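# Architecture and fold: a report
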Amino acid sequence: MADMGLDGSNGTREHMDPPCTLSRVQKQKLIMKLLSRKATCNSHGQDSSYFLGWQEYEKNPYHEINNPDGIIQMGLAENQLSFDLLESWLEKNPDAAGFKRDGQSIFRDLALFQDYNGLPAFKNALVEFMSEIRGNKVSFDPNKIVLTAGATSANETLMFCLADPGDAFLLPTPYYPGFDRDLKWRTGVEIVPIHCASSNGFQITEPALQQAYQEAQQRNLRVKGVLVTNPSNPLGTSMTRPELNLLLNFITEKDIHLISDEIYSGTVFSSPGFVSIMEVLKERKCDINTSQVWNQVHIVYSLSKDLGLPGFRVGAIYSNDEMVVAAATKMSSFGLISSQTQYLLSEMLSDKKFMNKYMKENQKRLKQRHQMLVSGLDKVGISCLKSNAGLFCWVDMRHLLRSNTFEAELELWRKIVCDVRLNISPGSSCHSTEPGWFRVCFANMSEETLSIAMGRLKTYVDSITNINTINNHRNAKSSRRRSLTKWVFRLSFDDREPEQR
Ligand SMILES: Cc1ncc(COP(=O)(O)O)c(C=O)c1O
């Protein structure tokens, strides 16, 4: 079939009426004029190196047999370590995925179900699971949860509920690159960075919070809240109690909101354990019915990471504010979780014995895989920020940069993607303020693939170390030659009569 032209013709001269003489740029401009500003603006962030790395990977994906020289995907925070456990549960519980309850078909009920409040059984199972992850130190009320199509939708919905276009949310850096899309793109909300630094392990400080607040004010932006990820993407660290208390003090003082994206809460694999903002709020003993701060804190959760189910699109907002719950529930019509997914997962999550076993085993596997990455990097002289959670490490490659700049970071990143063929995410895509940090994922591949990735990195680092050694050697030689020349010159100079000098 002949290719269709942009004008809908088959591209041959006689079918073009009027003759299509527009250049590519002109055509692009015409299309832009026909579409909305939202559809054509680039605040989506798709041109970030985070997404460009994925595109490179798509062109040449690694496969152990079909494409062993391809790019290994280490830029995707997916958890593929415990699928076997989920699959064996599915085998033992065929009714859950087979539209059946106690052997009887519930296909018709599921097919017709369209209540945006969600299946009560699923909401009950989800809140209990969330309490379980928090060691049952806090409990959640199923009436305060709103179901969404993943955390992506939960975060955007909260923006729509809490802020107007042009308002700002403060986010500690480095942050998850997807937030530029999720929080800003369709809502018109602005992100103002809270600058965090390696000197204190990227922890949030009071001066950094105040500075971000002032920066927003200088830009004439009304600050509506702070959004944190706990545990952090991309740091892989969980927040400390003092940090969480600092945040609660700050939002109380400024009378703004706090969103805690706890999507990685079940991935904490070593101490210190996970502390949810809800736990700290509860410890403060402020009355849930009278204290305003309870209404200012909102949790985002999803099963994309802890259960490794990003394709199922299961997320949630938890809020004590009735108006937020009501508004978000209405908005959730635009991104509901399908009824068969809710049914399947309500069965799985309420099998507590299985879920406990799954969570323990999954954390054990994450810990092993994390250790494998950390020691593999260590052998090559690369260190990571000490971390205890998540599906990635925050890796320090500052010593491999040509200069302490983001240009040098991108130059190194391009080499690692194109020559070493590992897709990792440069810190600049996470809005890091220090060049030379990279997010490297470890849970979306097999052990064998991870070890191949480490082998490739070693070859690369050894090669640049050799080049540097040769260059240093050359530099040393030429500097010896230069000092010898200077010395000979000085000698001959000193030998001369003063007037000859
Ligand atoms: C911190 C954070 N929030 C939200 C998301 C989006 O998750 P979901 O797949 O549930 O939409 C991600 C995904 O990587 C994430 O890391």
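Below or above, wherever it landed, is the structure these notes cover. (Residues numbered from 1 in each chain as written. Predicted model: local features only at pLDDT ≥ 70, side-chain atom pairs only at ≥ 80, totals over all residues. Heavy atoms only, no water.)

## Quick notes on empty space enclosed by the protein
One pass over the structure, following the stated rule, counts 2 cavities of 30 Å³ or more. What the largest cavity holds in volume is close to 60 Å³. If you trace the largest cavity, you find it lined by Ala125, Glu128, Phe129, Glu132, Leu349, Lys352, Met355 and Asn356. Looking at the lining of the largest cavity, the elements that each hand over two or more residues are helix H7 (120–133) and helix H16 (352–379). Sorting elements by how many residues they give to the lining of the largest cavity places H7 first, with 4 residues. Across the lining of the largest cavity, the residue classes break down as 4 nonpolar, 1 polar and 3 charged. As a volume, the second largest cavity reaches approximately 40 Å³. (1 Å grid on protein atoms, 1.4 Å probe; cavity = no way out; pocket = protein on both sides within 12 Å on 5 of 7 lines; lining within 4 Å. Points joined across faces, edges and corners; volume = space filled by probe spheres on them. Helix = DSSP H or I, 4+ residues; strand = E, 2+ residues; numbered from the N terminus. Nonpolar A, V, L, I, M, F, W, Y, C, P; charged D, E, K, R; others polar.)

## Side note on the site of the ligand
In the neighbourhood of the ligand, 14 residues make up the surrounding shell, with Thr152, Asn233, Asp261, Ser302 and Lys305 lying closest. Within the side chain of Asn233, an N or O atom sits 2.7 Å from an oxygen atom of the ligand. Between the ligand and Arg313, the relevant distance is 2.8 Å, taken from an oxygen atom to a side-chain nitrogen or oxygen of the residue. In the complex, 94% of the free accessible area of the ligand, which totals 400 Å², lies under the protein chains. Examining the composition of the shell around the ligand, we find that 3 residues originate from one element, helix H8 (residues 150–162), more than from any other. Looking at the shell around the ligand residue by residue, the classes come out as 5 nonpolar, 6 polar and 3 charged. (Near = heavy atom within 4 Å. Polar contact = N/O pair within 3.5 Å; in protein donor to acceptor, adjacent residues only side chain to side chain. Areas by Shrake-Rupley, 256 points an atom, 1.4 Å probe, with all protein chains shown as cover.)

## With respect to the pairing of strand E6 (residues 190–194)
The buried fraction of E6 is high, at 4 of 5 residues. Examined bridge by bridge, strand E5 (residues 168–172) and E6 share 5 bridges and lie parallel to one another. Counted as the bridge partner of Leu171 is Pro193 from E6. Crossover handedness for the path E5 to helix H9 (residues 179–185) to E6: right-handed. (Buried < 20%, exposed > 50% of the residue type's maximum accessible area, 1.4 Å probe, protein only. Pairing = 2+ DSSP bridges. Right-handed = clockwise from strand over helix to strand, strands pointing away.)

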